[in-house]
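Descriptive analysis of the structure
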Amino acid sequence: MKYIFFWVLLTLTFGHCQTATAPNQFLQCYVRFDAVRGQVQADATLYQSGDVGRTQPMEMPGGVLYQGSPMQILPVQGLTYRRTYAADFVPEHSFSWVDAQGGRQKVSFPMASIARFHFGDGPLLRNKPATLRWEGGPLEKGETLVLLWENRALGQTVPMEIMRSSGNASIEFPAAKISELAAGQWILYLVRKRLAKTEAPGMSAEAILEYYSKSDTIEVK
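A brief structural summary. Bear in mind that the values here come from a model prediction, so they are computed numbers and not experimental data. (Residues numbered from 1 in each chain as written. Predicted model: local features only at pLDDT ≥ 70, side-chain atom pairs only at ≥ 80, totals over all residues. Heavy atoms only, no water.)

With that settled, the discussion passes to the overall build of the protein chain. When helices and strands are counted, the protein chain shows two helices and 17 strands. When the 221 residues of the protein chain are sorted by exposure, 44% land in the buried category. Within the protein chain, contacts between residues at least 6 apart in sequence are counted, and of these 62% link residues at least 24 apart. For the protein chain, the computed accessible surface area is about 11,600 Å², with 51% contributed by carbon and sulfur atoms. (Helix = DSSP H or I, 4+ residues; strand = E, 2+ residues; numbered from the N terminus. Buried < 20%, exposed > 50% of the residue type's maximum accessible area, 1.4 Å probe, protein only. Contact = heavy atoms within 4.5 Å. Areas by Shrake-Rupley, 256 points an atom, 1.4 Å probe, with all protein chains shown as cover.)

With that settled, consider the sheet that holds strand β9 (residues 104–110). Strand pairing within a sheet occurs via backbone hydrogen bonds; the two strands may be parallel or antiparallel. Strands sit in the order β5-β4-β8-β9 across an open sheet of four strands; the sheet is antiparallel. The open sheet has two edge strands with one neighbour each: β5 (69–70) and β9. One ladder, built from two bridges, connects strand β4 (residues 64–66) with β5; its direction is antiparallel. By the bridge assignment for β5, Y66 is matched with S69. (Pairing = 2+ DSSP bridges.)

We now examine the side chain of S94. Counting through the fold element by element, S94 comes out in strand β8 (residues 92–98). The class of S94 is buried, set by a relative accessible area of 12%. Setting aside chain neighbours within four positions, we find S94 in contact with L65, Y66, Q67, K106, V107 and S108.

Structure follows, in structure tokens:
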């Protein structure tokens, strides 16, 4: 799987948010669940506001906990905390710490899954529309669905990003969109991405949460 595309989005999103007026402290988080590997990666960075709106990363005396377990500080990324481990999917992801004043802080963010997905029976036809359906509920506010198509024979990867808020766990693809894929065997997996925010007195928190589904092989004609 390719994660670089989303780390660029993460950097741009948080960089934009930091230009606005912020509380004294804020937390930036990233959580990725990889259904293929059965693995979770969680990152967190705490910031303290400085002069002229600038911020400085902070190290908490007792560190930062993810799902109640300690995170490790990355050696080459400032004061970013990370925890990576094998796990089953859970719909809630929490970060907690004790601040410099001894107060206990905790924030939680929801993550939705995609259990299965399909385009129906038979191959995809480049000159006909198709409907993608999945299990896991419709997209909600702040969510984006990304289809990552990979054709290893051609050495191609084609991303398709969808943002919508209808009440169905499905997306209609016109023939013009399907025709962007060359004929052949494609490996497809979905990324369900959520941008979440929360606030408390003197503190705000933001997170990008990504669920990487298991893959399926789809023939395009």
